[in-house]
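One letter stands for each residue in the lines below.
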Amino acid sequence: MNAILFVLGLLALGIAIAVAWLYLTDPTPDGFVLDRARYPFQSQFMDLPDGSRLHYLDEGQGQTLLLLHGNPTWSFLYRQLINGLKEEYRLVVPDYPGFGLSTASRSFGFTAAEQAQVVGALVEKLDLQDALIMMQDWGGPIGFKVALQQPERFKGFVIGNTWAWPLERLRHKVFSMVMGGWPGQLSAWCCNGVVRAFMSRGVAGQLSDPELAMYLGPFSRTDSRSPTHIFPAQLRNASDFLGDVYRNLPRLSDRPVLLLWGEKDFAFQKPERDRFESLFPDHETVLLEDAGHFIQEDAPEAIVGAIRDWSKRTLSNRDERL
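Here is a short report on the structure shown in this document. Keep in mind that this is a model prediction, so the values were computed, not measured.

Side note on the pattern of salt bridges
Part 1 of the argument: Enumeration according to the criterion identifies 18 salt bridges in this entry.
Part 2 of the argument: A salt bridge links Arg 38 to Asp 35; the nearest nitrogen and oxygen atoms lie 2.8 Å apart.
Part 3 of the argument: Between Arg 313 and Glu 284 there is a salt bridge, with the nearest N and O atoms lying 2.7 Å from each other. Taken together, the positions of Arg 313 in helix H13 (residues 300–321) and Glu 284 in strand S8 (residues 283–288) put the pair 29 residues apart, joining distant regions of the chain.
Part 4 of the argument: Put simply, Arg 79, Glu 211 and Glu 297 are held in one network by salt bridges that share partners.

Written as structure tokens, this is what we have:
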């Protein structure tokens, strides 16, 4: 019994030291001040029936490209792609309620199903036609759910380091239990720990202090951080949602796909990429050797070039055949 108590005491001490270190080194700003030098875009808003307010960007003109983020990012993630593509593409970039510049009502639960419903409502409001979707992280399941509900609006997909099925790999299950359980909740509450972990491990390079502030800023208040640990919990809790998306993906398998895959990702790796390649026969794959999970931060120029080349060549040839 004494040995057990000793081990538990050491564990508690270790947790206390870790929490204290995270708290003392927390770089989260006191408030969220938008950095217009890095985010010089015109904000658009859509009011939702439940009282939430969706923020989105609608920049450029040409082929419509819907850009969907994951956790814990927002449209700031796509800033360099917007600047690189806006002369030839119309970029529609929402922030999910609870993220970025969007606000959520008290009744909003931050589930994947709710976020997909919100994105679907935006697609309907803007009446998007013949659009492409770029999806990464939670943008994958959310984007595919929207496309399955409104398939006539979408002609192809750009897939980057994501997934669209219930959890299978042990590492993902453990990650969900930790980041979506009490350790993730505690670290989020005390010191924005989920955002800090994602933006540290998810970028192969290193964010500048002003860039990191733009990711931490939306969660500067402790009462705003629930979405960051709810999404990891959703990896397990949204299994029905994910299963429904996966079962119906064959309905979209005739669409052309561009796979942009960061090879230094800590989360989604070759098994996920292989599955997407098998699900979508008409695919091209571009490996981003020096990119991590957030490929938009690590390889923006390569992504801009790949999208421009693939969409012009593949979609124009497809339209000619039709």
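Once the structure has been displayed, the description carries forward.
As for the state of the cysteines
Part 1 of the argument: Counted under the stated rule, the structure contains one disulfide.
Part 2 of the argument: Two residues share a disulfide in this structure: Cys 190 and Cys 191, whose sulfurs sit 2.2 Å from each other.

Comments concerning the environment of His 293
Part 1 of the argument: Looking at the secondary structure, you find His 293 in the loop between S8 and helix H12 (295–298).
Part 2 of the argument: Residue His 293 is classed as buried on the basis of its relative accessible area of 1%.
Part 3 of the argument: Spatially, the C-alpha atom of His 293 lies 9.2 Å from that of Met 199, the residues being 94 residues apart in sequence.
Part 4 of the argument: Those residues in contact with His 293 that sit more than four places away from it in its chain are Gln 136, Asp 137, Asn 161, Gly 202, Asp 265, Phe 266, Ala 267 and Phe 268.

Notes on the pairing of strand S4 (residues 89–95)
Part 1 of the argument: Burial analysis of S4 places six of its seven residues in the buried class, which makes it a mostly covered element.
Part 2 of the argument: Judged from the six bridges that link them, strand S2 (residues 53–60) and S4 form a sheet pairing that is antiparallel. Bridge assignment links Tyr 56 to a residue of S4, and that residue is Pro 94.
Part 3 of the argument: Note: strand S3 (residues 63–68) against S4, four bridges, orientation parallel. Across the sheet, the residue bridging to Thr 64 is Arg 90, located in S4.

Re the packing of aromatic side chains
Part 1 of the argument: The tally for this structure, following the rule as stated, stands at 23 aromatic pairs.
Part 2 of the argument: Geometrically, the ring pair formed by Tyr 96 and Phe 99 is edge-to-face, given 6.3 Å between the ring centres and 85° between the ring planes. Each of the two residues, Tyr 96 as well as Phe 99, counts as buried.
Part 3 of the argument: Across from the ring centre of Phe 76, 4.0 Å away, lies the NZ or CZ of Arg 79, which sits over that ring.

Reading the values: the criteria
Residues numbered from 1 in each chain as written. Predicted model: local features only at pLDDT ≥ 70, side-chain atom pairs only at ≥ 80, totals over all residues. Heavy atoms only, no water. Salt bridge = Lys/Arg side-chain N within 4 Å of Asp/Glu carboxyl O. Helix = DSSP H or I, 4+ residues; strand = E, 2+ residues; numbered from the N terminus. Disulfide = S-S within 2.5 Å. Buried < 20%, exposed > 50% of the residue type's maximum accessible area, 1.4 Å probe, protein only. Contact = heavy atoms within 4.5 Å. Pairing = 2+ DSSP bridges. Phe/Tyr/Trp six-rings, centres within 6.5 Å; stacked < 30°, edge-to-face > 60°. Lys NZ or Arg CZ within 6 Å of the ring centre and 35° of its normal.

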